[in-house]
Amino acid sequence: MHISHSQLKHLETVIGQMTRFDRPADAVLSAYFREHNKLGGADRHLIAETAFGALRRLIQLRALIAPEKATPRRLALVALMKFNKLNVKELTEATSAGEREWLGGIKGKALEDSLEIRAELPQWVIERLGEQEPAAVEALGQGLMSMAPLDLRVNTLKMKREELLDRLNAEGILCEATPYSPIGIRLKEKPALSKHELFKAGVFEVQDEGSQLLGLITGARRGEMVVDFCAGAGGKTLLLGAQMASSGRLYAFDVSEKRLANFKPRQARSGLSNVHPQLLSHENDAKVKRLAGKADRVLVDAPCSGLGTLRRNPDLKFRQSPESVAELNAKQTSILASAARLVKQGGRLVYATCSLLPQENQGIVEAFLAEHADFRLVKIDAVLAEQKIPLQCGDYLELKPHWHNTDGFFAAVLERSAS
């Protein structure tokens, strides 16, 4: 494979825009491809895979090049050589003689041995991961550098998992059942599915297996009143609605009008009739107060640093900071306290994040329990057994990419006393 001058130029521009870290990397890429809509599929694939590969290993790339010399062009060239396994000869058309000589020197250069470089995690993240052995941090970091699989959630109102597995495999879309979620399917490759007839018919949604488990441990049942407190684009809302067999009342709360608007076509495809999306101005909105003490189950998938999703969003480790995490902690504390007011006696509250940091996870839950004597922690192993999920984690659900091949997730199940 030979890289052309124009391919390198596109890649250099995209990496330059992504490494400003002023907006999400996937938004940068989408905007760039819209602007350059004549780019072919092969070029798009090369640009996307190489740019995201460079972000995944940016700490290592900068260390190889020397941070002050790590221009977008140099990052692109070293990423092509190191991760796309191209040799200097294959870069001849796009480079100068001086660049090729420089690349030859980089090729055999060894990285310095530091945990930050081996784990590909900023020092501030390593410090906040808590009392973990260096080997454990490195294993986690390596897992976060891997490629995430493509998982589907079966809409059990419309089809059984086994039937969908048979249909997809018969079409040549190779897949298997997910190991933990009883309603999940993992694809061997990553085909485009948005135009697939079964997707358009609401038979399945794209959803990471870990995200499916967060919905499942909420344990929603037929006829209950359930609240998805931070519904976002509604992936877990749809799962809860299916668990409830489209009965009872399911509220989807969010403070973003855009996210709720994106949820509407998904809700329509799903066939659910029990979902009530509600736009909130903030977590203490009057709409929340009206439901005080009435909900059987409340799911709080709290806004968080998103560091558990680094396989998909590698830019987050550079876009987040100790200051942004501290701000999120205040928001998480406030949202959890507000959501708790909705839970009826004997009802359950699930607090979840896609973060790996104890400050956003156990720390928030322990502080909440210290202030709310009427709530107790339900050990997650008992909840997983209730849902027939073959997994043991102890007190909390803690999912890690290198252990479970899911995004990094945390969840705690809290129960309000019956009197």
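Residues numbered from 1 in each chain as written. Predicted model: local features only at pLDDT ≥ 70, side-chain atom pairs only at ≥ 80, totals over all residues. Heavy atoms only, no water.

As annotated in an unreviewed UniProt entry, the chain carries the name SAM-dependent methyltransferase and comes from Chromobacterium sphagni.

Let us look at the layout of surface pockets. One way to see where empty space is left: roll a probe the size of a water molecule over the atoms. Estimates place the volume of the second largest pocket at around 270 Å³. In this structure, the second largest pocket is lined by 13 residues; those nearest its centre are Pro182, Ile183, Leu216, Gln243 and Gln387. If you tally residues by element for the lining of the second largest pocket, the top one is helix H13 (residues 235–243), at 3 residues. Of the residues contributing to the lining of the second largest pocket, the split by class is 6 nonpolar, 4 polar and 3 charged. (1 Å grid on protein atoms, 1.4 Å probe; cavity = no way out; pocket = protein on both sides within 12 Å on 5 of 7 lines; lining within 4 Å. Points joined across faces, edges and corners; volume = space filled by probe spheres on them. Helix = DSSP H or I, 4+ residues; strand = E, 2+ residues; numbered from the N terminus. Nonpolar A, V, L, I, M, F, W, Y, C, P; charged D, E, K, R; others polar.)

Attention now moves to the nonpolar core. Ile3, Met18, Leu29 and Leu80 are the most contacted members of the largest nonpolar core, which totals 38 residues. Of all elements in the fold, only helix H1 (5–18), helix H2 (25–35), helix H3 (41–56), helix H4 (58–65), helix H5 (72–82) and helix H6 (97–107) reach the threshold of two or more residues within this core. (Core = buried A, V, L, I, M, F, W, Y, C linked by side-chain atoms within 4.5 Å. Buried < 20%, exposed > 50% of the residue type's maximum accessible area, 1.4 Å probe, protein only.)

Let us look at the packing of aromatic side chains. According to the stated counting rule, one finds 6 aromatic pairs in the structure shown. With 6.0 Å between their ring centres and 45° between their planes, Tyr251 and Phe253 make a pair best called tilted. Across from the ring centre of Phe318, 5.9 Å away, lies the NZ or CZ of Arg62, which sits over that ring. The ring centre of Trp102 lies 4.5 Å from the NZ or CZ of Arg74, which sits over that ring. (Phe/Tyr/Trp six-rings, centres within 6.5 Å; stacked < 30°, edge-to-face > 60°. Lys NZ or Arg CZ within 6 Å of the ring centre and 35° of its normal.)

It is worth spelling out empty space enclosed by the protein at this point. A full pass over the atoms with the stated rule returns 1 cavity of 30 Å³ or more. Looking at the largest cavity, the residues that line it are Arg153, Asn155, Gly202, Phe204, Glu205, Leu238, Arg266, Arg269 and Ser270. Residue contributions to the lining of the largest cavity peak at 3 residues, all from helix H14 (residues 257–270). Each residue belonging to the lining of the largest cavity can be placed in one class, and the counts come to 2 nonpolar, 3 polar and 4 charged.

Attention shifts here to the pattern of salt bridges. Working definition: two side chains of opposite charge can pair if their charged atoms are close together. Counted by the stated rule, this structure contains 25 salt bridges. The partner of Arg186 in a salt bridge is Glu209, with the nearest N and O atoms 3.2 Å apart. Separated by 23 residues along the polypeptide, Arg186 in strand S3 (residues 184–187) and Glu209 in helix H12 (residues 209–218) bring together distant segments of the chain. Neither residue differs from the other here; Arg186 and Glu209 are each classed as buried. With its nearest N and O atoms 2.7 Å apart, the salt bridge here joins Lys379 to Asp395. (Salt bridge = Lys/Arg side-chain N within 4 Å of Asp/Glu carboxyl O.)

In this section: the pairing of strand S8 (residues 295–301). Across the 7 residues that make up S8, a large majority, 7, are buried. Pairing of strand S5 (residues 225–228) with S8, which is carried by 3 bridges, proceeds in the parallel orientation. When the sheet's bridge partners are listed, Val227 is paired in S8 with Val298. Taken together, the 6 bridges between S8 and strand S9 (residues 343–353) define a ladder with parallel strand orientation. Considered in S9, the bridge of Arg297 is made with Arg348. (Pairing = 2+ DSSP bridges.)

Here we take up the sheet that holds strand S2 (residues 175–177). Pairing is antiparallel in the open sheet, where 4 strands are placed in the order S2-S3-S1-S4. The sheet is open, and its two edges are formed by S2 and strand S4 (204–206), each paired on a single side. The mean inter-strand angle of the sheet, taken between neighbouring strand axes irrespective of direction, is 30°. In terms of strand pairing, S2 meets S3 through 3 bridges, oriented antiparallel. Across the sheet, residue Cys175 finds its bridge partner in S3, namely Leu187. (Axes fitted to C-alpha atoms, helices over the stretch in contact; angles between N-to-C directions.)

Right, let's talk about unusual backbone geometry for a bit. One non-glycine residue, Ser246, lies in positive phi territory at about 60°. Inspection of the secondary structure assignment puts Ser246 in the loop between H13 and strand S6 (249–254). For Ser246, a relative accessible area of 18% gives the class buried.

A few words on helix H10 (residues 161–170). Among all positions of H10, only Arg161, Leu164, Leu165 and Leu168 are buried. Viewed along the axis of H10, the buried residues span an arc of 105°, placing them on a single side of the element. Residues of H10 that are exposed and point over 90 degrees away from its buried face: Asp166 and Ala170. Buried positions along H10 lie against strand S1 (150–154), S2, S3, helix H11 (197–200) and S4. Phi turns positive one or two residues past the end of H10, at Gly172, with a value near 90°. (Arc of directions from axis to C-beta. Contact = heavy atoms within 4.5 Å.)

On to the packing of H1 against H3, then. Remark: H1 packs on H3, axes separated minimally by 10 Å, with the N-to-C direction vectors making an angle of 40°. In terms of axis orientation, H1 runs oblique to H3. Between H1 and H3 lies a crossing of right-handed hand. Taking contact as the criterion, the partners of Gln7, His10, Leu11, Val14, Ile15 and Met18 in H1 are, on H3, Asp43, Leu46, Ile47, Thr50, Ala51, Phe52, Ala54 and Leu55. Residue composition of the contact of H1 with H3, grouped by class: 10 nonpolar, 3 polar and 1 charged. (Parallel < 35°, antiparallel > 145°, perpendicular 65-115°, else oblique. Left-handed = near helix turned anticlockwise from the far one by under 90°.)

Another aspect to go through is helix H9 (residues 134–145). The end-to-end C-alpha separation of H9 is 17 Å, in line with the 16 Å expected for 12 residues at 1.5 Å each. Considered for burial, the residues of H9 that qualify are Val137, Leu140, Gly141, Gly143, Leu144 and Met145. Where H9 is buried, its residues meet H3, H4, helix H7 (115–119), helix H8 (123–128) and helix H20 (401–404). (Expected span 1.5 Å × (residues − 1).)

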